[in-house]
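What the coordinates show
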Amino acid sequence: MKSTLQINSKTVRQTGTRWRPLSVIIFLACMSYFFLQPEGLNTFAWRTVIIFVATIVSIICRVLPIGALGILAITVYALTFSGGARLASKSITDALSAMNNSLIWLIVTAFMIARGFIKTGLGQRIALILVKILGKRTLGLAYGLALADLLLAPAMPSNTARCGGVIYPVADSLSRSFDSFPDNDSRRKMGTFLVCCIGTVNDVTSTLFLTGFTANLLAVKLAALQGVSLTWINWFTAMLMPCLLSFIITPLAVYLFVSPEIKTTPSAPLAATEQLKTMGKMTIREWGMVGTMLLLLVLWIVGAQVHVDQTTTAFIGLSVLLLSGVLTWEDVKNEKDAWDTLIWFSALLMLASQLSKLGFTGWFGHLIASDIGLMVRDIHWVYILIILNIIYCYLHYFFASGNAIVAALYSVFLGVGCSLGVPALPMALMLACCTNISCSLTQYTHARGPILFGAGYVPTGLWWRTGFIMSVINLFIFFSTGLIWWKILELY
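Cut-offs used in this document
- Residues numbered from 1 in each chain as written.
- Predicted model: local features only at pLDDT ≥ 70, side-chain atom pairs only at ≥ 80, totals over all residues.
- Heavy atoms only, no water.
- Helix = DSSP H or I, 4+ residues; strand = E, 2+ residues; numbered from the N terminus.
- Rg over C-alpha atoms; globule rule 2.2 N^0.38 Å.
- Buried < 20%, exposed > 50% of the residue type's maximum accessible area, 1.4 Å probe, protein only.
- Phe/Tyr/Trp six-rings, centres within 6.5 Å; stacked < 30°, edge-to-face > 60°.
- Patch = residues over 30% accessible without salt bridge, like charges linked within 9 Å, V, L, I, M, F, W, Y side chains within 5 Å.
- Areas by Shrake-Rupley, 256 points an atom, 1.4 Å probe, with all protein chains shown as cover.
- Salt bridge = Lys/Arg side-chain N within 4 Å of Asp/Glu carboxyl O.
- Expected span 1.5 Å × (residues − 1).
- Contact = heavy atoms within 4.5 Å.
- Polar contact = N/O pair within 3.5 Å; in protein donor to acceptor, adjacent residues only side chain to side chain.

Concerning the overall build of the protein
In terms of helices and strands, the protein carries 22 helices and 0 strands. Relative to the 2.2 N^0.38 estimate, which gives 23 Å for 492 residues, the radius of gyration of the protein is 23 Å and therefore close to what a compact globule would have. The principal-axis extents of the C-alpha atoms in the protein amount to approximately 70 × 55 × 50 Å. Considering the protein as a whole, with its 492 residues, one finds that 56% of them fall into the buried category.

Regarding the packing of aromatic side chains
Enumeration over the complete set of coordinates arrives at 11 aromatic pairs. Ring geometry for Y33 against F34: centres 5.0 Å apart, planes inclined by 75°, an arrangement best described as edge-to-face. Overall, the relative accessible area of 26% leaves Y33 in the partly exposed class. Judged by relative accessible area, which is 58%, F34 ranks as exposed. Taking the centre distance of 6.2 Å and the plane angle of 20° together, the rings of Y394 and Y397 count as stacked. Each of the two residues, Y394 as well as Y397, counts as buried. Here the aromatic residues Y394, Y397, W464 and F468 are joined through ring pairs into a cluster of three or more.

Points about a nonpolar patch on the surface
A cluster of nonpolar side chains, namely V24, F27, L28, M31, F34, F35 and L36, defines an oily patch on the protein surface of about 770 Å² accessible area. Relative to the helices and strands, V24 is located in helix α1 (residues 19-35). For V24, a relative accessible area of 44% translates into the label partly exposed.

Some thoughts on helix α14 (residues 310-324)
Over its 15 residues, α14 extends 21 Å from the first C-alpha to the last, a length consistent with the 21 Å expected when each residue adds 1.5 Å. Residues of α14 that are buried make contact with α5 (102-120), α13 (284-302) and α15 (329-333). Capping the start of α14 is the job of one residue whose side-chain oxygen sits 2.8 Å from the backbone nitrogen of T311: D309. G325 lies just past α14 and shows a positive phi near 85°.

Notes on helix α18 (residues 381-394)
Taking 1.5 Å of rise per residue, the 14 residues of α18 would be expected to cover 20 Å, and the 20 Å separating its terminal C-alpha atoms lies within 8% of that figure. W381, I384, L385, L388, N389, Y392, C393 and Y394 are the residues of α18 that are buried.

Geometric descriptors of this kind do not, in isolation, establish any biological role.
This is the structure:
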């Protein structure tokens, strides 16, 4: 088996400004501000809406790197006094209000903790061990990689790093070892199937754990603004049954729709064994990573009982890794994705929070609900929940990020659902589920897409077809098993 440390696709980072689309966005934002303010909405709320929508559209159009757009959004919000402040000092305080949010720092520290899996090689070792155990058949390889993703998910909120940085290199190496190469017909032997599988499975593992995807954490914060409180263990308990079923079915379904030409892989366990021998015995740092992960899981589960906040837990984990030498301060400083997330996530969370505070979310929810209410007044709330979530799920075709769709639409759909009589907790959970399971619809609907698609194993048409089929299967699972399970848990 060839080295699993190389990723053949290259991620190109945007550096310059795309002035043409940015100019159009600014022009339309100004026109909307001066001529389109709706009745019943105050000026500050409308101003915040315009900045928020302009930021989301700029993210979709990629006029600047997302972190830079976060800086621009914060700057414009402070300069325009859009939060209603009268003093400049209060205006910038409003614009930076999300910077001291504990959720933001949970995400940042979790990114840094996740770096330990990659640096120590523990993530790669876990994947190879599972390939060694389950890899005699191609379907077994898929389940082995899926289990590796599952084991890493609780402590790796960047599912892009988890799937693209840990799981994909192993899948790529396996494919090449069986002469299945990208960008030609040989990819049908194995590579196409494995890449399709690890992407769709990543959606499921991201759904199961609150800390499996950054968008989950944003959704929880936005749900809290509307009175819905979710902890790590509440989330895990609610998602357990539907995710378990989806986890079992997903590789099988992909195997049927993207059937690999090679069905048996007797040499894969041997190759994995050789790779493990090359890696040698587990190092002290790897054992330190294992211990830290177990500590994190225990504290996230029982934290409320021992009065340890989940963000404090993340800081404890990072501190342990720094003290033990698993991570160095240079590693922390060089974790660019974490610091990038701090900026753009703070900007989006601040704008979303201000929309709720200034009354837009409630106003818009009641506006939409009053129109839809006439059509669905005699329909049971379960059907309303299903209809709204299907719409929300497939609107993801128009977004290039799971975080972006949560920031733009989560609060709106939650507000509309509640206004139409849908219980808040199942609505909040189902919207979060739909955020995750729609991430594989296209090669651009999630940040891992460019890595997996750019590798050349999956043609565009096959990606879109498989993504849609799997979204339908998962929607059915969550609308049936999920709602039944939540009823058993007395969540409604």
